[in-house]
Amino acid sequence: MRIQGNWRLLSELPAAGFILLLSFLLITYGGRIEVPSISGPGVFWLSFIPAFLIANAFGLALHEQSRRGSLFLFAGFLPVLHLLSQHDFLNTNGLVLGFFAGSLLDFQVLSRNQFSSLARYARSGSRFFFLVLSCYLLIRLLEFVYPFSIEGIRQAFEISSEELNNLGIAFLAVFFLLMSTTFIRGIQASEIFVYGPSHSGKTLLLLALYSHFVDFYEGTHREIILSSDREEEKVWQLSKKSEKKLRIESMLAELEGGITPKSTNRTDLAIYELRGKKNGLLPVEFTFIDYGGEYTEDLEPQKYYRALRSLTGKLSGNEKLSGNEKLSGNEKLPGFSVEALHRQIGTLSFLELLKNKYAKEAGDQFHNLILACIYKKMKTAGKVIFLVDGDYILDYHGEGRKELTTLFGHYFRLMDQLGPDKFYALVLTKTDKLKDLSEIPDNSEKAGEIEAEIYSLLDRIYTFREIQNLAKRVPIYFYTVSVDATLSPQASKDLPEEQQGITQIFPWRVGEIAKFGF
C-alpha cells in the first residue's frame, strides 16, 4: 500500500505553469522577430531536436519520479514547434526522424529500466537547444548597441523599438527555460537496495525473493562473500568454510535439511545481487548487503568519507599495489585514492579484487568497508527498502513500541538525507508471528486487512507519522511479508531464529516487493 496519496504531481503543477508561461512569452514575442532565411540542414536540425525531445517526454512520463521532466519537455518544446511553424521552419523529415530516434531511445531505456539515462540525454539536449537559441538572441540584441559604447546603449534604450523589446523578452524567456532544465531528472529504477538492522529478517527475505525471482522473473544472482571464523584473533583471515555457509545454495540446502540458516557474524560481509526481467523485457536488480553487527547510526556523509579515507590509507600502503590493478574486462582501478574508492566501493568486481589480493588490509578495515558499502549502495540506488522487524509488533506494548520509535526516527533521517528523488518502502517482516497466514492468499482482501491493521498500530507512533508527512512529497510504500506463511504465530520474540521452525520457503506477499522494484 502507498503511504499518503500522490501529492507530488499536484505540487509540480505550478512549475509546469511557469514553463508554459515562459513558452507563451517565447512564441508571442519570438514570433514577431524578423528572422533571416536558414539553409536546409539548419531547418532539419531545428525540427529534429524538438521532435526528439518530445518523444523523450513520452518515455519520462511512464515513471512518477521523472514525470516532472516530462511536463517540462511538453510545455517547453510543443510551443517551440509552433514558433518554428510561424517562421515556416518546420521540416517534415526532421520531425519524423527526430521522433523516431527519440522513440528508439525510449525503448532502449525502458528495456533497461534506467530512467536516469533518459533524463540525462533529455536534459543535455534541452540545454544545448536553449543555449544555442539564447546565444543567437543575445547576438541579435548586441547588434542594436554596436559599436559598443555607453552612448550606443543609451540610444538603444531611448529608441525602444518593437524589435528590441521582442528580442529582449524572447531572450529572457529562453534564458529561464535554459535554467529550468534542472527539472528534468530520473532515477535508477533498476537498482533497489534492501537495508535492515541485525535480526530484521534480511537473510530469509533474500531467500524468499530469490525463489520468487527464479520462478516468475527469469531470475539469476551474483554474490561476493568476505568471511572469517576467527573473531578473537587480531590477524583477520578469510575462511572458505564460513564463506560456503553464506552462499545462497548452501542456505537453501540447510532449509531442505530442516535447519534454519544462522544470522551472519560480525566478521561476515556478503553482497547479493538478484537480477530478473518482467515479461522477459523490463529488468530489475535487487542488492542485499548481509552483515553482522549494528551500523545504523554510522550512515552519514561525514562518516562515509572518513571511512573512505581510512580505507585509502590502509590500501595505498600495500607493497603489492601497482596503481593499475584490473577489475574486470577493460576496467582498471586508477590507484587507491579516495576518488577511486568512491567510484568503485560496493561493486562486486572491486570487492572481488579486495578478497583476492588485499584480504588482510580489508580485514583490518572491516567496519569501514561495511559502512562504505552500505552507504554507497543506498545513495546510488533508485529505490530503497527499509526492513522493520515483526518482533517489535509482537512486543508492541512492551519494548517494541520504544524500538519502533527509534527505528522510524532513524529511517526518516535517512530518507531526508538521501533526498526526494527516490522511491522508499517500509517492509514489515515475520508477519506469520502476528497472524495465521496459512489459509489467507497473499493477494486477497483479508491480506489487505491484515496489512491495514498493522499499519494502524504504527500510525500511533510519532516518528512513523513524520514519515507519513514526508510521504506527501516523496513516494513511500508499506508492505507486510512472511517467508513461510505455513508457520503458526510465535508466542515470544525471544525465541532464537534457528528455533522458529522455518525450514522451507513459502513466501507471503513477497511478490509485492518484487512489483515495487518494477
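What you are looking at is a predicted structure, and each value in this text was computed from that prediction instead of being measured.

(A) Geometry of the overall build of the protein. Scanning the protein from terminus to terminus reveals 20 helices and nine strands. When the 518 residues of the protein are sorted by exposure, 52% land in the buried category.

(B) Focus on the environment of N56. Within the secondary structure, N56 sits in helix α2 (residues 40-60). Judged by its relative accessible area of 0%, N56 falls in the buried class. Apart from residues lying up to four places away in sequence, N56 is in contact with L73, G102, L105, D106, L118 and A122.

(C) A look at unusual backbone geometry. In the Ramachandran plot, K430 falls in the positive-phi region, its phi being about 60 degrees despite a non-glycine side chain. On the secondary structure map, K430 appears in the loop between β8 (423-428) and α18 (445-458). In this structure, R509 takes a positive phi of about 65 degrees despite not being glycine. Assignment of secondary structure puts R509 in the loop between β9 (476-480) and α20 (510-517). Judged by its relative accessible area of 9%, R509 is buried.

(D) Broad picture of the pairing of strand β4 (residues 282-291). For β4, the tally of buried residues reaches nine of 10 residues, placing the bulk of the element in the interior. Taken together, the four bridges between strand β1 (residues 191-195) and β4 define a ladder with parallel strand orientation. Across the sheet, E191 pairs through a bridge with E285, a residue of β4. Where strand β3 (residues 268-278) lies against β4, 10 bridges are found, and the strand directions are antiparallel. What sits directly across from R275, in β4, is E285. Once β3 ends, the chain turns through three residues before running back antiparallel as β4, passing N279 with a positive phi of about 55 degrees.

(E) Representation of the packing of α2 against helix α3 (residues 67-86) within the structure. Their axes nearest at 8 Å, the elements α2 and α3 cross at an angle of 150 degrees. Compared by their axis directions, α2 and α3 come out roughly antiparallel. The chirality of how α2 crosses α3 is left-handed. Contact residues: L46, P50, L53, I54, N56, A57, F58 and L60 in α2; R67, G69, S70, L73, F74, F77, L78, V80, L81 and L84 in α3. When grouped by side-chain class, the residues that make up the contact of α2 with α3 number 14 nonpolar, three polar and one charged.

What counts, and at which threshold
Residue numbers run consecutively from 1 along every chain, following the written order of its sequence. Local features in this predicted model are restricted to residues of pLDDT 70 or higher, and side-chain atom pairs are both shown and tallied only at a pLDDT of 80 or more, whereas totals for entire chains, interfaces and linings draw on every residue. Note that the side-chain values use all heavy atoms of the structure and ignore hydrogens as well as water. Strands are runs of DSSP state E lasting at least two residues, helices are runs of H or I lasting at least four, and both sets are numbered from the N terminus onward. We call a residue buried when its accessible area falls under 20% of the maximum for its residue type, exposed when it is over 50%, and partly exposed in between, using a 1.4 Å probe and counting protein chains only. What makes two residues a contact is simply this: any of their non-hydrogen atoms within 4.5 Å. For two strands to be treated as a pair, DSSP must find at least two bridges joining them. Whenever a helix is involved, its axis is fitted only over the stretch in contact; in every case the axis is a line through C-alpha atoms, and angles between N-to-C directions fall within 0 to 180 degrees. Here is the rule for angles: anything less than 35 degrees is roughly parallel, anything more than 145 is roughly antiparallel, 65 through 115 is roughly perpendicular, and the remaining ranges are oblique. By definition, any crossing whose near helix is turned counterclockwise from its far helix by less than a right angle is left-handed, and any crossing with a clockwise turn is right-handed. Charged residues are taken to be Asp, Glu, Lys and Arg, nonpolar residues to be Ala, Val, Leu, Ile, Met, Phe, Trp, Tyr, Cys and Pro, and polar residues to be all remaining types, Gly included.

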